[in-house]
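# Residue-level structural notes
One-letter residues, chain by chain:
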Amino acid sequence: MSTQKTYKELLAENERLRLQLEEATETIHAIRTGQVDALVVNDQDGRHQLYTLKTADQTYRVFIEKMNEGAVTLNEEGIILYCNSMFASIAGVPLSKVIGLPFASFIPDGFREIYNDLFSSGWLEDNKTEISIKSGDRLVPCQLSVTTLDLDEGVSLSVIITDLTFQKETQTLLKLNNQRLEQANAELEKSNHDLQQFASVASHDLQEPLRKISIFSTMLRSRHGDELPADSAMYLNKIIASSNRMKTMIIDILSYSKLSTHTDHFALTDLTEIVKDVVDDCEIMIQEKNATVIIGDLPAAEVNRGQMRQVFQNLISNSIKFSKVDVPPVIHVTSQDASVTDHVSKNGNSQEAISIQFSDNGIGFNELYQDKIFSLFERLNTKDQYEGSGIGLAISKKIIGKHNGTISAISREGEGSCFIIRLPLHQNKS
Amino acid sequence: MPATLTKILLADDDLDDRWFFEDFLKGREDIILLPAATSGIEVIQYLDNLTSANDLPDIIILDHNMPGLNGKETLALLRSRNRYNEIPVLIYSTYIGQKLIDECMKLGAASVMLKPSSPDEYNGMIDRILSDTAKKTDY
């Protein structure tokens, strides 16, 4: 048969080849655009061979190019086969010059051993280490994490290089700040201790002359009160009242300063019981002012019973003390669950806590003062009208603070006050 | 009226406090106030000069804050002498801390208390120490 083809045959063949070309172009396009996952090709022996196409390859390359970590792949000799621009920038070398270099050439002498260990173990299992990378004259602290990569060309080792410079600087700064904080803390503790010492010594020494003022003036009143002119008797009463007030203040200062020194003892205690105890204690005051205390359901919490009693006592007696002249005081003690779950850190720890409210229908105070009232010696009312040392709420705040809780107040003048205590149900055992 | 009056010896360096003690308690008919001492040393000297054991005080009240020997030290000295070992000792002070209470009780004080602030409190202090020591001698 003649090899000569007719024009018609040639045309037909041409058409067949054109279709084949079109098909091939389409396949290539499909491969390029990631529409093909695998190709089945007949090999020389007529068997089917499956070629998997890493379709995501392109996407991953973009990721790798854009990411903030350096990425390189190494062959078994440790020669860099591929590197992204971030690594080139960490190493301070143009991208084009990195490929083909041994990765070890970026490792300073002191770190060779660590690198060699990582390189040899990386072929067996994923591994990571902290190491320095040479970047011109300087060293960049980095974390290297290695993992093997199965590529068509064979197995290679991929290395992700994280620049730790910023992290290290932050760490150093943090350490420095911590040291400063510790120092400041120590100084504060010392001055706090000095202050307590002072408060305690001053209070004890002040008590001595005060006791005598009190005894002598009381003697004067009881033995010679009848002989005194009316205004002198009044002066004497003022002296006695003032010395009694000062005695209260000194005792309060002492208990305030003692709060800082005492080691804490927390025990699970029924809070309702404490409130009831306090109400019993205040019975005379409650009757005098025709007051009503309505106690809701309070749970048990780990507290220092004596201290918590002092807080409740302060709040309840304040409510009775600062009541309106013509309105019998009504105090509501209520509580709600105020537990918080920590969604931020992964442990999901939750803190069981309650919120306790002491609300009254008393004279209230301007909300401008809602923080100020917890300061030492802060008084919003003249002492002629309302007795007190101005320490009660400061003590309460300190006690609640020692229980890792908070105390706050909301009020409006003439409309009563509400004190809110947030208290964890459990204390950390130390 | 009790058959025997209780002899009480006070040691206090503070003039006013010695005067309060004497003035508020002199009306009582169940006690005899021995001349008050002004220091711990004076207490020891006074006791040492008593030839008859019958003259020894039945109760000693010591101020704690005294120059020289303080109340606690005077107590320790009294407890170290056989002759005075059995006399009940009350320590009082304007301020007492738990530490002082513990130390004095360990040394054998009958009681540690705050200085009274009124005639009633003075008398209450004496009533208490009398009943406390009376109970002890019953055994």
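Small disclaimer: the values here were computed from a predicted structure and weren't measured.

Procedures and definitions
Residues numbered from 1 in each chain as written. Chains lettered and ligands numbered in written order. Predicted model: local features only at pLDDT ≥ 70, side-chain atom pairs only at ≥ 80, totals over all residues. Helix = DSSP H or I, 4+ residues; strand = E, 2+ residues; numbered from the N terminus. Buried ≥ 20, exposed ≤ 12 C-beta atoms within 10 Å, placed from the backbone. Contact = placed C-beta atoms within 7 Å. Nonpolar A, V, L, I, M, F, W, Y, C, P; charged D, E, K, R; others polar. Core = buried A, V, L, I, M, F, W, Y, C linked by C-beta atoms within 7 Å. Axes fitted to C-alpha atoms, helices over the stretch in contact; angles between N-to-C directions. Parallel < 35°, antiparallel > 145°, perpendicular 65-115°, else oblique. Left-handed = near helix turned anticlockwise from the far one by under 90°. Pairing = 2+ DSSP bridges. pLDDT = per-residue confidence, 0-100.

### Examining the overall build of chain A
A tally of helices and strands in chain A yields 11 helices and 16 strands. When the 430 residues of chain A are sorted by exposure, 23% land in the buried category. Long-range pairs, those at least 24 residues apart, make up 56% of the contacts in chain A between residues at least 6 apart in sequence.

### Quick notes on the overall build of chain B
For chain B, the helix and strand inventory stands at five helices and five strands. Ordering the α and β elements of chain B from the N terminus gives β-α-β-α-β-α-β-α-β-α. For chain B, buried positions account for 31% of its 139 residues. Put simply, 62% of the contacts in chain B that link residues at least 6 apart link residues at least 24 apart.

### Focus on the interface of chain B and chain A
If you look at the interface, chain B gives seven residues, while chain A gives eight residues. Of the residues in the side of chain B that touches chain A, the class split is two nonpolar, three polar and two charged.

### Structural notes on the nonpolar core
Generally speaking, nonpolar side chains in soluble globular proteins are found buried as a group. The biggest cluster of nonpolar side chains holds 39 residues, and the ones touching the most others in it are A:Val275, A:Phe312 and A:Ile316. Residue contributions to this core peak at six residues, all from helix α10 (residues 305–321) of chain A. Not counting residues up to four positions away in its chain, the partners in contact with A:Phe312 are A:Ile274, A:Val275 and A:Val278. Of all hydrophobic cores here, the second largest spans 29 residues; its members include B:Ala11, B:Ala36, B:Ile59 and B:Ile91.

### Some details on the packing of helix α8 (residues 271–281) of chain A against α10(A)
Residues and elements named next belong to chain A. As a packed pair, α8 and α10 sit with axes 9 Å apart at the nearest point and diverge in direction by 55°. When the axes of α8 and α10 are compared, the pair comes out oblique. Crossing of α8 over α10 shows right-handed handedness. Touching Ile 274, Val 275, Asp 277, Val 278, Val 279 and Asp 281 of α8 are Arg 305, Met 308, Arg 309, Phe 312, Gln 313 and Ile 316, all from α10. Tallied by class, residues from the contact of α8 with α10 come to seven nonpolar, one polar and four charged.

### Comments concerning the sheet that holds strand β5 (residues 127–135) of chain A
Residues and elements named next belong to chain A. Read across the sheet, five strands follow the order β4-β3-β7-β6-β5 without closing on themselves; strand pairing throughout is antiparallel. Two strands bound the open sheet, and with one partner strand each, they are β4 (80–83) and β5. Adjacent strand axes in the sheet meet at a mean angle of 30°, parallel and antiparallel pairs treated alike. Note: strand β6 (residues 138–151) against strand β7 (residues 154–163), 10 bridges, orientation antiparallel.

### Concerning the confidence of the model for chain A
Mean pLDDT over chain A: 84, with 86% of residues reaching 70 or higher. Across chain A, strand β16 (residues 417–424) of chain A holds the top mean pLDDT of 93, while strand β2 (residues 48–52) of chain A sits lowest at 62.

### So, the sheet that holds strand β15 (residues 406–411) of chain A
All names here are of chain A. Judged by pairing direction, the sheet is mixed, and its five strands sit side by side in the order β9-β11-β14-β16-β15 without closing on themselves. Each edge of the sheet is formed by a strand with only one pairing partner; in this case those strands are β9 (292–295) and β15. Ignoring strand direction, the axes of neighbouring strands in this sheet form an average angle of 15°. Packing against the sheet, α10 makes contact with β9, β11 (330–337), β14 (353–360) and β16, and its axis sits at approximately 20° to β14. Contacts between helix α11 (residues 392–402) and the sheet are confined to β15 and β16, with β15 contributing the most and set at about 135° to the helix.

### Brief notes about unusual backbone geometry
Residue and element names in this part refer to chain A. Despite not being glycine, Asn 290 has its phi angle at roughly 55°, a positive value. Although it is not a glycine, Asn 404 adopts a positive phi angle of roughly 60°. Among the structural elements, Asn 404 can be located in the loop between α11 and β15.

### Section: the pairing of strand β3 (residues 59–63) of chain B
Residue and element names in this part refer to chain B. Of all five residues in β3, five are buried, a share of seventy percent or more. In terms of strand pairing, strand β1 (residues 6–11) meets β3 through four bridges, oriented parallel. Residue pairing in the sheet places Leu 9 in a bridge with Ile 60 of β3. Looking at chain direction, β3 and strand β4 (residues 89–93) are connected through four bridges and run parallel.

### Focus on the packing of α10(A) against α11(A)
The description of two packed helices rests on the angle between their axes and on the distance between the axes. Residue and element names in this part refer to chain A. It is the contact of α10 with α11, at a shortest axis distance of 9 Å, that shows an interaxial angle of 145°. Crossing geometry of α10 relative to α11 is assigned as left-handed. Where α10 abuts α11, its residues Gln 307, Gln 310, Val 311, Asn 314, Leu 315 and Asn 318 lie against Gly 392, Leu 393, Ile 395, Ser 396, Ile 399 and Ile 400.

### Some details on the environment of A:Asp371
Summarising the element assignment, A:Asp371 is placed in the loop between β14 and α11. Linking A:Asp371 and A:Ile407, residues 36 residues apart in sequence, is a C-alpha distance of 9.8 Å.

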